[in-house]
Amino acid sequence: AVVSTQSTGDMAAFFAGCDIQGGKNTGIHFVINSSGKSNEAFVELMSGEDLETALACHKKFIKERYVDVTQCDRDTMDEALASNLGIIELSVSNWDFLIFGVL
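Report follows, based on the coordinates. (Residues numbered from 1 in each chain as written. Predicted model: local features only at pLDDT ≥ 70, side-chain atom pairs only at ≥ 80, totals over all residues. Heavy atoms only, no water.)

1. Brief notes about the nonpolar core
The condition is simple: What is meant by a nonpolar core is a set of buried Ala, Val, Leu, Ile, Met, Phe, Trp, Tyr and Cys residues, joined one to another through side-chain atoms within 4.5 Å. Summary of the burial criterion: residues with accessible area below 20% of their type's maximum are buried, those above 50% are exposed, and those between are partly exposed, where the area comes from a 1.4 Å probe applied to protein chains only. Only DSSP runs of H or I with at least four residues qualify as helices, and only runs of E with at least two residues qualify as strands; both kinds are numbered from the N terminus onward.
Counting residues in hydrophobic clusters, the biggest one holds 17 residues, and the most contacted among them are Met11, Phe15 and Leu45. Among the secondary structure elements, those contributing two or more residues to this core are helix 1 (5-14), strand 1 (28-31), strand 2 (40-45) and helix 2 (48-55). Considering every element that reaches this core, the biggest residue donor is strand 2, with 3 residues. One finds Val31, Cys72, Met77 and Ala80 within the second-largest nonpolar core, a separate group that totals 5 residues.

2. A short note on the pattern of salt bridges
Condition: We define a salt bridge as a side-chain nitrogen of Lys or Arg found within 4 Å of a carboxyl oxygen belonging to Asp or Glu.
This structure, assessed with the given rule, holds 3 salt bridges. We note a salt bridge from Glu44 to Arg74, for which the minimum N-O separation is 2.5 Å. Highlighted residues: Glu44 in strand 2 and Arg74 in helix 3 (residues 74-82), separated in sequence by 30 residues. The class for Glu44 is buried, based on a relative accessible area of 8%. By relative accessible area, which is 37% here, Arg74 ends up partly exposed. Beyond isolated ion pairs, a larger network of salt bridges with shared partners links Glu44, Arg74 and Asp78.

3. Some remarks on the packing of aromatic side chains
Each aromatic ring pair is described using two quantities: the centre-to-centre distance and the angle formed by the ring planes. Rules: Side-chain rings of Phe, Tyr and Trp, where Trp is taken by its six-membered ring, are said to pair if the distance between their centres is within 6.5 Å; with planes under 30 degrees apart they count as stacked, over 60 as edge-to-face, and otherwise as tilted.
Evaluation of the coordinates by the stated rule reveals 1 aromatic pair. Aromatic pair Phe14 and Phe15: ring centres 4.6 Å apart, planes at 85°, arrangement edge-to-face. With respect to class, Phe14 is no different from Phe15; both count as buried.

4. Comments concerning the side chain of His29
The following threshold applies: Here a polar contact means two N or O atoms within 3.5 Å. Within protein one must be a hydrogen donor candidate and the other an acceptor candidate, and residues neighboring in sequence count only if both atoms are side-chain atoms. The contact criterion used throughout is that any non-hydrogen atoms of two residues lie within 4.5 Å.
Structurally, His29 is set in strand 1. In terms of polar contacts, His29 uses its side chain to reach the backbone carbonyl oxygen of Thr26, at 3.4 Å. Separated by 2.5 Å, the side chains of His29 and Glu44 make a polar contact. Contacts of His29, omitting those with residues within four sequence positions, involve Glu40, Ala41, Phe42, Glu44, Met77 and Leu81.

Put into structure tokens, the structure is as follows:
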């Protein structure tokens, strides 16, 4: 998916203190649903410490939207991303929740 710099930037700022693998432009992955929106994203983190920092953000807000943060494995992320339905431009208002995985 093509993601606006603002969207990935907002997410990276939300997880300040976490080291995102490849930085915000390659380590943040959005899952696109059939209506062309994303309510799920995966962020690849570098360490268990980064995961703990990310999990501490559970139920906090990005702008007006609260964020559910849960841990998952690489297979779960790959399976979800394989179902992506297209290329769209996203904004923070489209996000309902995020799932974060550590490699």
